[in-house]
Amino acid sequence: MRILKSLLFALVAILGVVACEKEAPTPETPAPETPEISIELVAVDSESVTVNVIPASTEYRWIPMIAYKEYFDTFEDSAELAELDRFYFESLANSYEMTLADFIVASSGQGRRDNIVIGDLDPETEYVVYTYGITTEGERVTDVCTLEFTTTSAE
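It should be emphasised that the depicted structure is a prediction, and the values quoted were computed from it without experimental measurement. (Residues numbered from 1 in each chain as written. Predicted model: local features only at pLDDT ≥ 70, side-chain atom pairs only at ≥ 80, totals over all residues. Heavy atoms only, no water.)

S.K.: So, the pattern of salt bridges: which residues are in play, and what are the values?
M.R.: Per the counting criterion, the structure on display carries 5 salt bridges. Of the charged contacts in the structure, one is a salt bridge between Arg86 and Glu90, with a shortest N-O distance of 3.1 Å. Taken as a pair, Arg86 and Glu90 lie in helix α3 (residues 78-95) at a separation of 4 residues, close to a single helical turn. When salt bridges that share partners are traced, they join Glu40, Arg112 and Asp114 into one network. (Salt bridge = Lys/Arg side-chain N within 4 Å of Asp/Glu carboxyl O. Helix = DSSP H or I, 4+ residues; strand = E, 2+ residues; numbered from the N terminus.)

S.K.: Tell me what's going on with a nonpolar patch on the surface, and back it up with residues and numbers.
M.R.: Taken together, the side chains of Tyr68, Tyr71, Leu84 and Phe87 define a hydrophobic patch exposed on the protein surface, amounting to about 380 Å² of accessible area. With respect to the helices and strands, Leu84 occurs in helix α3. In this structure Leu84 comes out as partly exposed when scored by relative accessible area, which is 32%. (Patch = residues over 30% accessible without salt bridge, like charges linked within 9 Å, V, L, I, M, F, W, Y side chains within 5 Å. Areas by Shrake-Rupley, 256 points an atom, 1.4 Å probe, with all protein chains shown as cover. Buried < 20%, exposed > 50% of the residue type's maximum accessible area, 1.4 Å probe, protein only.)

S.K.: Before we move on, can you summarise a negative patch on the surface with the specific residues and values?
M.R.: Judged by side-chain charge, Glu76, Asp77, Glu80 and Glu83 come together as a negatively charged surface patch. Turning to its location among the elements, Glu80 is positioned in helix α3. Judged by relative accessible area, Glu80 falls into the partly exposed class, the value being 36%. (Lys, Arg positive; Asp, Glu negative; His and termini not counted. Charge placed at Lys NZ, Arg CZ, Asp CG, Glu CD.)

S.K.: Could you give an account of the packing of aromatic side chains, naming the residues involved and the relevant values?
M.R.: In this description, an aromatic ring pair is defined by two values, namely the gap between the centres and the angle between the planes. For the structure on display, the rule yields 7 aromatic pairs. Look at Tyr71 and Phe75: their rings are 5.2 Å apart centre to centre, the planes differ by 90°, and that puts the pair in the edge-to-face class. For Tyr71, a relative accessible area of 34% puts it in the partly exposed group. Ring plane angle 45° and centroid distance 5.3 Å describe the contact between Phe72 and Tyr130, whose orientation is recorded as tilted. With Phe72 in helix α2 (residues 69-72) and Tyr130 in strand β8 (residues 126-131), this pair connects stretches of sequence that are 58 residues apart. Neither residue differs from the other here; Phe72 and Tyr130 are each classed as buried. Put simply, the rings of Tyr68, Tyr127 and Phe149 pair up and form one aromatic cluster. (Phe/Tyr/Trp six-rings, centres within 6.5 Å; stacked < 30°, edge-to-face > 60°.)

S.K.: Break down the sheet that holds strand β2 (residues 37-44) for me, citing the residues and quoting the values.
M.R.: Strands sit in the order β2-β3-β7 across an open sheet of 3 strands; the sheet is antiparallel. Among the strands making up the open sheet, the edge pair consists of β2 and β7 (113-118). Each strand axis lies, on average, 30° off the axis of its neighbour in the sheet, ignoring direction. Note that strand β3 (residues 49-55) and β7 share 4 bridges and pair antiparallel. The residue of β7 that forms the bridge with Val49 is Ile118. (Pairing = 2+ DSSP bridges. Axes fitted to C-alpha atoms, helices over the stretch in contact; angles between N-to-C directions.)

S.K.: Provide a residue-level description of helix α4 (residues 100-107), including the pertinent values.
M.R.: Burial in α4 covers these residues: Leu100, Phe103, Ile104 and Ser107. Along the axis of α4, the buried residues cluster in a sector spanning 95°; they form a single face. (Arc of directions from axis to C-beta.)

S.K.: Explain the confidence of the model for the protein to me, and be specific about the residues and the numbers.
M.R.: Taken over all residues, the pLDDT of the protein has a mean of 84, while the share at 70 or more is 77%. Looking over the protein, one finds the lowest element-wise mean pLDDT in strand β1 (residues 15-20), namely 38, and the highest in β8, namely 98. Note on residues 1-25: pLDDT under 50 across the span, and 92 contacts to partners over four residues away in sequence or across chains. For the stretch residues 31-35, pLDDT sits under 50, and the model shows 10 contacts to residues farther than four places along the chain or on other chains. (pLDDT = per-residue confidence, 0-100. Contact = heavy atoms within 4.5 Å.)

And the structure:
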């Protein structure tokens, strides 16, 4: 759980628009397989968001991530985002003296997961929660699915 929280807060994101990114394959970016993932907004307050992650298949793993929307919008495409995530996962795996595969198995979900709470967020801040199918080698196998939201004011 400590690893999952570290993952969720390394990058950071909150309103309620769900959109799975569709990209045309390029020579540098092989076309991902077709299974999709969706993210549902359950609740949001000034310090946390609760989401459900619903993959179309239980064949692959996924790791929910969060980022400040302003930071998330700096990525030109999902291949760049996935490459940075993989580097981050490798760094965390090394810090925990784990292989990348063991780290991904320990940190990822498989199948539907409801009521995932991401806390310690800033009030009145725009975030993006995102996820995608991932292999134990850290390769993206689905499109990136996002949920944008804004935390409420602290009262």
